[in-house]
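# Structural overview for review
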Amino acid sequence: MRDVILPGSLNELWRCFEDKPQAAVYAGGTDLLVGVRHGLLNPEALICLDRIEELKGVGERGGSIRIGSCATHVQLLDDPLITSHLPVLWQAIRGIGSPLVRNMGTIGGNICTASPAGDTLPPLYALRAEVELGSKEGSRRMPIAEFIMRPGATRLQRAEILAGVWVKKPGEYNLHHFEKVGLRNALACSVVSMAALLRLAPDGAVEKASLAWGSAGPTIVTCPEAEEALIGKPLSTEPLQEAAALVRKAVSPISDVRADADYRRIVAGNLLLRLANVLK
Ligand SMILES: Cc1cc2nc3c(=O)[nH]c(=O)nc-3n(C[C@H](O)[C@H](O)[C@H](O)COP(=O)(O)OP(=O)(O)OC[C@H]3O[C@@H](n4cnc5c(N)ncnc54)[C@H](O)[C@@H]3O)c2cc1C
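About the cut-offs
Residues numbered from 1 in each chain as written. Predicted model: local features only at pLDDT ≥ 70, side-chain atom pairs only at ≥ 80, totals over all residues. Helix = DSSP H or I, 4+ residues; strand = E, 2+ residues; numbered from the N terminus. Rg over C-alpha atoms; globule rule 2.2 N^0.38 Å. Buried ≥ 20, exposed ≤ 12 C-beta atoms within 10 Å, placed from the backbone. Pairing = 2+ DSSP bridges. Axes fitted to C-alpha atoms, helices over the stretch in contact; angles between N-to-C directions. Near = placed C-beta within 6 Å. Nonpolar A, V, L, I, M, F, W, Y, C, P; charged D, E, K, R; others polar. Domains from an automatic or database assignment. Contact = placed C-beta atoms within 7 Å. Core = buried A, V, L, I, M, F, W, Y, C linked by C-beta atoms within 7 Å.

Summing up its helical and strand segments, the protein has 13 helices and 14 strands in all. Its C-alpha radius of gyration of 19 Å places the protein within 12% of the 19 Å reference for a compact globule of 280 residues. When its C-alpha atoms are laid out on the principal axes, the protein stretches across 60 × 45 × 30 Å. Within the span of the protein, comprising 280 residues, buried residues form 42% of the whole.

What follows is the structure in structure tokens.
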């Protein structure tokens, strides 16, 4: 039998870490408990973060939005700050798993699992999000692209947690788009996904672009060359094809049970081509 500890505050959590230094934390448990059940993980105890109010909710400070790490996907789908300022993240969360998974799963769990197929990650990379890490010693912040090192590995230290995610309100973009290609429409891990933030001038020319791909490399892939190639051009076939060719060079996907690497490479470019349809 393994202990499950449910601290009710951050101060209680720091004490739990002192008592059980080898314990694993979880929020919704939709990733971690699957690993425990399959015998892939064998922590001495489990610490559940779900009762810690400081880790929940969405708030606004200055021009930034702070999302508590233990906010569930369903809570984020209903939150007015997310719907009005971060539609690209909303679109990604809407397609995660099933209603059951979205009720239990949290944004913090999705980030800390550090899977290149994690659906919140491409939007958070495109939004240049920062993570806020907390421990007994205090808190520190870093860009999400620095936090995630490789599949399943982050810069979290022992007895440190992800407390929240910070995103500057992306007012400079007037087009938010997320698309995931999976083997079916629901309960599907992404074969490839793409988040796109664009500012289009009144004549349709791209003035600014921020793009990120999921399941296209060991971590989320960005492609500044493709962003640059779109500047000053409309979202029409020729410029999109030129940028898509750059994306196919930048990605480094693997072959696995869901798709082979060549297919993923083609689809990563095709997702960009599909931006032409978004405006129709
Ligand atoms: C049937 C099914 C379908 C799924 N479909 C999708 C999908 O379509 N898209 C998708 O992206 N994911 C999917 N997932 C994966 C999972 O549901 C999500 O990644 C979810 O967001 C994980 O959140 P959680 O709170 O349940 O994480 P948990 O399982 O609680 O934790 C996951 C990992 O993060 C760590 N962790 C969690 N919170 C913190 C924190 N605050 N600080 C430090 N470490 C923390 C845990 O130690 C663990 O290593 C699916 C899972 C299942 C079971």
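Picking up after the structure, the text goes on.
Taken across its 9 residues, strand β12 (residues 192–200) has 7 buried, putting it largely inside the fold. Note that β12 and strand β13 (residues 206–214) share 8 bridges and pair antiparallel. The residue of β13 that forms the bridge with methionine 194 is tryptophan 213. Hairpin connection between β12 and β13: a loop of 5 residues separates the two successive antiparallel strands, and glycine 204 in this loop has a positive phi of roughly 95 degrees.

Take the sheet that holds strand β7 (residues 138–143) next. With antiparallel pairing, 5 strands are arranged side by side in an open sheet as β4-β5-β10-β6-β7. Single-partner strands in this sheet number two, and they are β4 (58–61) and β7. Adjacent strand axes in the sheet meet at a mean angle of 25 degrees when their direction is disregarded. In this sheet, strand β5 (residues 64–68) lies alongside β4 in antiparallel orientation, the contact comprising 4 bridges. The residue of β5 that forms the bridge with valine 58 is isoleucine 67.

A few words now on the site of the ligand. Surveying the vicinity of the ligand reveals 30 residues, the closest of which are Gly28, Gly97, Gly105, Gly109 and Cys112. Broken down by element, the shell around the ligand gets its largest block of residues, 5 residues, from helix α7 (residues 107–113). Grouping the amino acids of the shell around the ligand by side-chain chemistry returns 16 nonpolar, 12 polar and 2 charged. Domain assignment of the residues forming the shell around the ligand places at least three in each of domain 1 (3–48) and domain 2 (53–168).

Here we take up the environment of lysine 20. Among the structural elements, lysine 20 can be located in the loop between α1 (10–19) and β2 (24–26). What makes lysine 20 partly exposed here is the crowd of 17 C-beta atoms within 10 Å. Placed 15 residues apart in sequence, lysine 20 and isoleucine 5 show a C-alpha to C-alpha distance of 9.8 Å. Setting aside residues no more than four positions away along its own chain, lysine 20 makes contact with Glu44 and Ala45.

Our focus in this paragraph is the domain arrangement of the protein. As far as domains go, the protein holds domain 1 (3–48), domain 2 (53–168) and domain 3 (175–278). Taken over C-alpha atoms, the centre of domain 2 sits 21 Å from the centre of domain 3. Counting residues at the interface gives 20 residues for domain 2 and 24 residues for domain 3. In terms of residues, the side of domain 2 that touches domain 3 owes the most to one element, helix α8 (residues 121–126), which gives 5 residues. Among the residues making up the side of domain 2 that touches domain 3, the classes are represented as 13 nonpolar, 5 polar and 2 charged.

For the rest of this paragraph, the subject is the environment of phenylalanine 17. By the element assignment, phenylalanine 17 lies in helix α1. Judged by the 19 C-beta atoms lying within 10 Å of it, phenylalanine 17 is partly exposed. Between the C-alpha atoms of phenylalanine 17 and serine 135, which are 118 residues apart in sequence, the distance is 9.7 Å.

A word on unusual backbone geometry. Its identity is not glycine, yet alanine 114 carries a phi of approximately 55 degrees, on the positive side. Within the fold, alanine 114 resides in the loop between α7 and α8. You can call alanine 114 buried: it has 21 C-beta atoms within 10 Å. Even without glycine at this site, serine 215 takes up a positive phi of about 55 degrees. Residue serine 215 is classed as buried on the basis of its 31 C-beta neighbours within 10 Å.

The next thing to look at is the nonpolar core. With 77 residues, the main nonpolar core has Leu49, Val88, Ala126, Trp213 and Leu272 as its most contacted residues. By residue number, the principal contributor to this core is β12, which donates 6 residues. Ignoring any residue separated from it by four or fewer positions in sequence, one finds leucine 49 in contact with Val25, Tyr26, Ala27, Leu55, Cys70 and Ile161.

Spatially, β1-β3-β2 is the arrangement adopted by the 3 strands of the open sheet, whose pairing is parallel. Two strands bound the open sheet, and with one partner strand each, they are β1 (3–5) and β2. Between one strand axis and the next, the sheet turns through 25 degrees on average, direction left out of account. Sheet topology note: the β2/strand β3 (residues 45–48) ladder contains 3 bridges and is parallel. By the bridge assignment for β3, alanine 24 is matched with leucine 46.

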